[in-house]
Each structure stands twice: as C-alpha cells, then as structure tokens.
Amino acid sequence: GQQVMQIPQYQHVQEGEDFTTYCNSSTTLSNIQWYKQRPGGHPVFLIQLVKSGEVKKQKRLTFQFGEAKKNSSLHITATQTTDVGTYFCADPGFQKLVFGTGTRLLVSP
Amino acid sequence: SQTIHQWPATLVQPVGSPLSLECTVEGTSNPNLYWYRQAAGRGLQLLFYSVGIGQISSEVPQNLSASRPQDRQFILSSKKLLLSDSGFYLCAWSVHGNTEAFFGQGTRLTVV
C-alpha cells in the first residue's frame, strides 16, 4: 500500500536556527497538504500544493512540491519557540486523506 | 460557519468493555468524514473514512468499526476494547477529498 514517509523523525534546534522536514511518497501525488500539530492539540491545516515544482511561502515557512510530485519539503527560517510541534505532510488522494509519519520539532530558547 | 464536535475529551475504559465515540459536523452538507488514531508520540493512522451516509471504508483491520447514521454524524465503536486500543482518536471532515481537513479536539482513550 501507499507509504508517505518523513525525515527526520525528530529534530531539536536552537531558536533562530533553520529547520527542514522532507516528505516522500511511494506513489505519485495529485496534491500535497501540510499540517501542524501543537503538543496536546489536533492537526491544523497549513497549506496545499498542487503543481509540479510549486513553491509557496507563508512568512518564515517555505513549502515546495517536487518536480515528479513524489516529494515535498517544508523549510522554516529562523525558528521561534512558537514553531514547536509536529509537522505532517498528507496525501489528500481520491477520497481518503493519508498522513505522513511526521517530524517533531523542538525549539530551545 | 462550520464546526466539528467530538466527545468525550478523555475516556478511561476497562479491557473488554464497549466503546462509542461520536463526532458531529455543523454548517456543511455531505462532508467527507475521517477517524484517525494516534499513539503517543506517533503519527496519524487512518482508521475509517466515509464519503456519504452508510458508506464506510476501513483502512486497518481491527476490532473497531464505524458508522455514519446521518449525513453529519460519524461514530467509532468497539464491542470489546483491547489494551492496544489506547490512543488519541481524532475525527476530521473535509468538503471533498482534495480540500483541507478540519479536526475535532480529539478523545484520549486509555484502556486499563
């Protein structure tokens, strides 16, 4: 079956450092979504990418969709303590929504 | 505006007891509905999804079942809970398969 893997599984950075999580699918994706889950909370939608090679920015967050539409990345510039949480990519697919394995980010002040 | 309600927030149940978790959505019609389970510190495992009343797709064989008796109501059930059923259960909805999903607050289930 389909697998959506993310690396790294966990990363601990100092505030101000950059952070990147990578998402890889075993199948070609139509779209890719990204969510953030704060500790103890529920996932919250961040963005959806649709086009091959697409790059979108939200303030310090940069999202990229691979040319082959099988991978994606999320880059955070100059992390802040408010960025703490787990970041998931997700394949919205035809009808079901499958999440990647997630990357847990810890930011120390 | 659309809202999603999921209850209870926490639940402690003995092994072998039944389970019923309910999720309702307001402000939209014919949503896609999803049940996920998240073990502590782990990812989101898709359990069931539904694209309409009475239409349930199961992703993982286990002792859980789901039902959609009404358009905006999604129920997760078990006849006999196992210790391994402990986790954080999340309900979500989307307009259709390629739009953002909105999650409920989740239910933390501990089976003892």
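The preceding data block contains the structure.
Residues numbered from 1 in each chain as written. Chains lettered and ligands numbered in written order. Predicted model: local features only at pLDDT ≥ 70, side-chain atom pairs only at ≥ 80, totals over all residues. Heavy atoms only, no water.

## Some thoughts on the interface of chain A and chain B
- Contact with chain A, which involves 21 residues of that partner, is made by 22 residues of chain B.
- Regarding the contact of chain A and chain B, the summed buried area is about 1,700 Å², with carbon and sulfur atoms giving 52% of it.
- It is His42(A), Gln95(A) and Lys96(A) that lose the most area in chain A upon contact with chain B, and together they represent 32% of the buried surface on that side.
- Inspection of the chain A/chain B interface yields one salt bridge.
- We note a salt bridge from Glu59(B) to Lys96(A), for which the minimum N-O separation is 3.1 Å. (Contact = heavy atoms within 4.5 Å. Buried area = accessible area lost by both parts, 1.4 Å probe. Salt bridge = Lys/Arg side-chain N within 4 Å of Asp/Glu carboxyl O.)

## Focus: unusual backbone geometry
- Put simply, Ile7(A) and Pro8(A) share a cis peptide bond, and its omega is -5°.
- If you trace the backbone, Pro8(A) turns up in the loop between strand E1 (4–7) and strand E2 (10–14).
- With an omega dihedral of -5°, the bond running from Trp7(B) to Pro8(B) counts as a cis peptide bond.
- The topology assignment puts Pro8(B) in the loop between strand E1 (3–7) and strand E2 (10–13). (Helix = DSSP H or I, 4+ residues; strand = E, 2+ residues; numbered from the N terminus.)

## Some remarks on the pairing of strand E11 (residues 103–108) of chain A
All names here are of chain A.
- When E2 meets E11, the two strands line up parallel, connected through five bridges. By the bridge assignment for E11, Val13 is matched with Val107.
- Relative to E11, strand E9 (residues 85–91) runs antiparallel, the two sharing three bridges. Each residue of the ladder has a partner; that of Gly85, found in E11, is Leu105. (Pairing = 2+ DSSP bridges.)

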